[in-house]
Amino acid sequence: MDTIQWYAVALAAIAALSIIFYTTRLSVRFLHTYMTYHFLKHVFYPRVHKHVGGTTRYHALLILALFVGNIPCLTDDHTTLVQRTGRLTVVNLVPLALGSHMNSIVSCCGLGYETYNAIHRWLGRLVVIEGVIHVIAVVVSQKPNLHLSTQVPALVAASAMAAILITSFSIVRRHFYEIFLSIHRVLAVMIVIATWIHVPGKLVSIPTIYLLVACCLWASLHLLRTCQILYRNVRNWESSCTVSIESLPDAYQVRAKISRPWKYRAGQYVYLCVPRASYSSFFQSHPYMVAWWYPYDKDQDIIVFIIQRQKGFSQSLPSSSNSSQSTELRAMIEGPYGKEIHLDEYGTVLLFATGIGIAGQLPYVRQLLENFHNYDAKARRIVLFWQVDSEEHLQWVGQWMTDLLEQDSEYVLDIRLFVTGNYITNGAEHGKVGRVGRHDRIIVNYRGLDVENLIRSEIEGRKGRSVISLCVNSYVGEQVREAVRQMLDKDIYLKELPFHPL
């Protein structure tokens, strides 16, 4: 072929490649959209069952994969079943050594508090199941002899595992959490020590090495936590963190004065310990969302928590009903933990909260407004829906809502409150609608959330892509999930905060 023919072939090849590339790109985009749509609708959003602790099908598949992944290890023919179950139990003890307490390693991985706790619980159940199989295999293969030095520790470890499984049921955790936590820690230590004594071999043998790794991991994390607590709470060799506690209807507003501030972001939470709240409070620390923050002086900031009154730690908090005479105590904080959910890239942002869940949503509203005024957010409409059981609960964050509306000079924020009972406003009754706040911009509905109609009405007049953020109880959360599943074709996304109100 001459030069002209080669040139013609080259042009045809370029045209063909361009068409192939364009067609492939469209196909990949279509497949991505199609697969994402069906994955979100049928796997990621729907729950397994309303009574299964809020577990989604996606999380159920991950749990199933964890259990299935252990099956090949149990069916290996190179060793006996007793050896395989024993070693596998010890191996799975290593990630359990991270503990149920949130830590810096887990936080850096982007895992939420409840997600991490769910992983910890299911991994623990897997260890108990494999431990039970190990015990059964030993009993079947040989006659137990409690006179042997390794058999008594084995019995102790098996008994401790059974006790952990029984005390870990949700009904026990919810009603006796402080007792459960103390018993859980003691039993976990018993399991490790008893297993160490039970495992045969030298210090460098395989099972012993796994236990050594677990112990070193646990010790390292606790050392890291201790250093972090000292850094946040000690300055000039003195304890510098104090909290003032003000009583609210069915809740407390806790203001923590910190001398080592950090960059505050929505989605952050810290562990709070108030040693003088009760005799056992020194050994208790509980996670709370940072609901608000503001500077106190040039060296100190104030972070604020809203703590709902429940049994245990919150019930022991001393308080004052007068903000000018609030109770002040020494305290310790650990954190911050948590990863921010990015909402700035959406044009319409709908935030749902029930009860104490408002403490998780307010920082996002504040941050969205700040980024909007700094031209860092695409949001052109922000709507906050908050449902409370009593009208008195609106006092928890009433002043902050006023501050947010004053900050919203462009009127992009819309606040809608839903009160389901205990009305205190004169003339209030079920079904009525009122307005409060500056320029009557806060709408108060004396009824429950009508989730589907609220979402549909907002999506119809939306601006840009839409996202829904949840910090709600399981009942409202299930309604929102179902509504979003039916509207996935409208380019709407669902995000959940790591804490869920009861």
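Just above, that's the structure.
A. Local environment of a nonpolar patch on the surface. A cluster of nonpolar residues, Val189, Ile193, Trp196, Ile197 and Leu212, forms a patch on the protein surface that exposes about 430 Å² of accessible area. Counting residues per element, the nonpolar patch draws most heavily on helix H8 (residues 177–198), at 4 residues. With respect to the helices and strands, Ile197 occurs in helix H8.

B. Spotlight on the sheet that holds strand S10 (residues 332–337). In spatial order, the strands read S6-S5-S10; together these 3 strands make up an open sheet with antiparallel pairing. The open sheet has two free edges, formed respectively by strand S6 (286–289) and S10, since each of these has just one partner strand. In this sheet, adjacent strand axes meet at a mean angle of 30 degrees when their direction is disregarded. Sheet topology note: the strand S5 (residues 269–273)/S10 ladder contains 4 bridges and is antiparallel. From the neighbouring strand, Leu272 faces S10, where its bridge partner is Ile333.

C. Looking closely at the packing of aromatic side chains. The full count for this structure, using the stated rule, is 13 aromatic pairs. Linked through ring pairs, Tyr269, Tyr271, Tyr337 and Phe499 together constitute an aromatic cluster. The ring of Trp122 carries the charged tip of Arg125 above its face, separated from the ring centre by 4.6 Å. One Lys or Arg, Arg309, reaches over the ring of Tyr252 and ends 4.6 Å from the middle of that ring.

D. Structural view of the state of the cysteines. This model, assessed by the stated rule, comprises 0 disulfides. In this model Cys216 remains outside any disulfide bridge; the closest cysteine sulfur is found in Cys215, 6.9 Å from its own.

E. Spatial organisation of the pairing of strand S7 (residues 292–295). As paired elements, S7 and strand S8 (residues 301–308) share 4 bridges and run antiparallel to each other. What sits directly across from Trp293, in S8, is Ile303. Between S7 and the antiparallel strand that follows it, S8, lie 5 residues.

F. Quick look at helix H13 (residues 474–485). For H13, which comprises 12 residues, the first-to-last C-alpha distance of 16 Å matches the rise-based estimate of 16 Å (1.5 Å per residue) to within 8%. For H13, every residue scored as buried is listed here: Val476, Gly477, Val480, Arg481, Ala483, Val484 and Arg485.

G. The pattern of salt bridges, seen in detail. One pass over the structure, following the stated rule, counts 13 salt bridges. Where Arg225 meets Glu334, a salt bridge forms, and the shortest distance between an N and an O atom there is 3.0 Å. Remark: Glu334 occurs in strand S10 and Arg225 occurs in helix H9 (residues 206–233); sequence separation between them is 109 residues. When its relative accessible area of 18% is taken as the criterion, Arg225 is described as buried. Among the residues examined, Glu334 registers a relative accessible area of 2% and is labelled buried. The salt bridge involving Asp414 is made with Arg416; its shortest N-O contact spans 3.2 Å. Comparing Asp414 with Arg416 shows no difference in burial state: the two are buried.

H. Quick peek at the sheet that holds strand S9 (residues 327–330). Strand order in the open sheet formed by 5 strands is S7-S8-S4-S3-S9, with antiparallel pairing between adjacent strands. Each of the sheet's edge strands pairs with one partner strand only, and the pair in question is S7 and S9. Between one strand and the next, the sheet's axes are offset by a mean angle of 25 degrees, whatever the strand orientation.

I. Layout of the environment of Gly338. With respect to the helices and strands, Gly338 occurs in the loop between S10 and strand S11 (348–354). Taking the C-alpha atoms as reference, Gly338 lies 8.4 Å from Cys108; in sequence the two are 230 residues apart.

J. Here's a closer look at helix H3 (residues 81–96). The terminal C-alpha atoms of H3, which comprises 16 residues, lie 23 Å apart, in line with the 22 Å expected from a rise of 1.5 Å per residue. Buried within H3 we find Arg84, Thr85, Gly86, Leu88, Thr89, Val90, Asn92, Leu93, Val94 and Leu96. Buried-residue contacts for H3 involve helix H2 (57–74), helix H5 (113–141), helix H6 (151–167), H8 and H9.

K. Expanded view of the layout of surface pockets. As a volume, the second largest pocket reaches approximately 850 Å³. Those elements that provide at least two residues to the lining of the second largest pocket are H3, H5, H6 and H8. Considering every element that reaches the lining of the second largest pocket, the biggest residue donor is H5, with 8 residues. Across the lining of the second largest pocket, the residue classes break down as 19 nonpolar, 11 polar and 1 charged.

L. Main features of the pairing of strand S16 (residues 466–471). The element S16 is extensively covered by neighbouring structure, given that 6 of its 6 residues are classed as buried. Residues of S16 alternate between two faces, with Ser466, Ile468 and Leu470 on one and Val467, Ser469 and Cys471 on the opposite face, all of them buried. Pairing analysis gives 6 bridges linking S11 to S16, with the strands arranged parallel. Along S16, the bridge assignment pairs Val349 with Val467. Relative to strand S17 (residues 492–496), S16 is paired through 5 bridges, and the arrangement is parallel. Directly across from Val467, in S17, lies its bridge partner Tyr493. Between the parallel elements S16 and S17, the chain passes through H13 in a crossover that is right-handed.

M. Structural context of the packing of H8 against H9. It is at 10 Å that the axes of H8 and H9 come closest, and there the two elements cross at 155 degrees. On the basis of their axis angle, the class for H8 and H9 is roughly antiparallel. In the crossing of H8 with H9, the sense of the turn from one axis to the other is left-handed. Across the interface between the two elements, Val192, Thr195 and Trp196 of H8 pack against Thr208, Leu211, Leu212 and Cys215 of H9. Its residues assigned to classes, the contact of H8 with H9 shows 5 nonpolar, 2 polar and no charged.

N. Local environment of the environment of Val135. One can find Val135 in helix H5. Expressed as a C-alpha distance, the spacing of Val135 and Ser314, which sit 179 residues apart in the sequence, is 41 Å.

O. Structural view of the packing of H3 against H9. At a minimum axis separation of 8 Å, H3 and H9 run at an interaxial angle of 15 degrees. Considering their axes alone, H3 and H9 lie roughly parallel with respect to each other. H9 is crossed by H3, and the crossing has left-handed handedness. Here H3 contributes Arg87, Val90, Val91, Leu93 and Val94 to the contact with H9, which in turn contributes Pro207, Tyr210, Leu211, Val213, Ala214 and Leu217.

How each quantity is defined
- Chains are numbered independently. Their residues run from 1 in the order of the written sequence.
- The predicted nature of this model means local features are confined to residues of pLDDT at least 70 and side-chain atom pairs, given and counted, to a pLDDT of 80 or more, with totals for whole chains, interfaces and linings taken over all residues.
- For the side-chain quantities, the full set of heavy atoms in the structure was used; hydrogens and water were omitted.
- Patch definition: residues above 30% relative accessible area lacking any salt bridge, with like charges linked at up to 9 Å and the nonpolar side chains Val, Leu, Ile, Met, Phe, Trp and Tyr linked at up to 5 Å.
- The protein chains shown are the only cover counted for residues, whose accessible areas, like all others here, come from Shrake-Rupley with a 1.4 Å probe.
- We define a salt bridge as a side-chain nitrogen of Lys or Arg found within 4 Å of a carboxyl oxygen belonging to Asp or Glu.
- Helix and strand assignments come from DSSP, with helices taken as H or I runs of at least 4 residues and strands as E runs of at least 2, each series counted from the N terminus.
- By definition, two strands form a pair when at least two bridges between them are found by DSSP.
- Fitted lines through C-alpha atoms give the axes, limited to the stretch in contact for helices. The angle between two N-to-C directions lies from 0 to 180 degrees.
- Aromatic pairs are defined between Phe, Tyr and Trp rings, using the six-membered ring for Trp, whenever the two ring centres lie within 6.5 Å; interplanar angles under 30 degrees are classed as stacked, those over 60 as edge-to-face, and all others as tilted.
- Lysine NZ or arginine CZ positioned within 6 Å of the ring centre and within 35 degrees of the ring normal marks a charge as sitting over the ring.
- Working definition: a disulfide is two cysteine sulfur atoms within 2.5 Å of each other.
- Helix span is expected to be 1.5 Å times the residue number reduced by one.
- Buried means the residue's accessible area, taken with a 1.4 Å probe over protein chains only, is under 20% of the maximum for its type, while exposed means over 50%, and partly exposed covers the values in between.
- Whether two residues touch is decided by their heavy atoms; if any such pair falls within 4.5 Å, the residues are in contact.
- Space inside and on the surface of the protein is sampled on a 1 Å grid over the protein atoms alone, with a cavity defined as a set of points where a 1.4 Å probe fits but cannot get out and a pocket as an open set with protein on both sides within 12 Å along at least 5 of 7 lines; lining residues have an atom within 4 Å of a point.
- Grid points are joined across faces, edges and corners, and a volume is the space filled by probe spheres set on the points.
- Any residue outside Ala, Val, Leu, Ile, Met, Phe, Trp, Tyr, Cys, Pro, Asp, Glu, Lys and Arg is labelled polar, Gly included; the first ten of those are nonpolar and the last four are charged.
- Note on handedness: a crossover is taken as right-handed if, strands pointing away from the viewer, the path from the first strand over the helix to the second is clockwise.
- Reported orientations rely on four angle classes, namely roughly parallel under 35 degrees, roughly antiparallel over 145, roughly perpendicular from 65 to 115, and oblique for the rest.
- Each crossing is labelled by how the near helix is turned from the far one, with a counterclockwise turn of less than a right angle marking it left-handed and a clockwise turn marking it right-handed.

These figures capture arrangement, not role.
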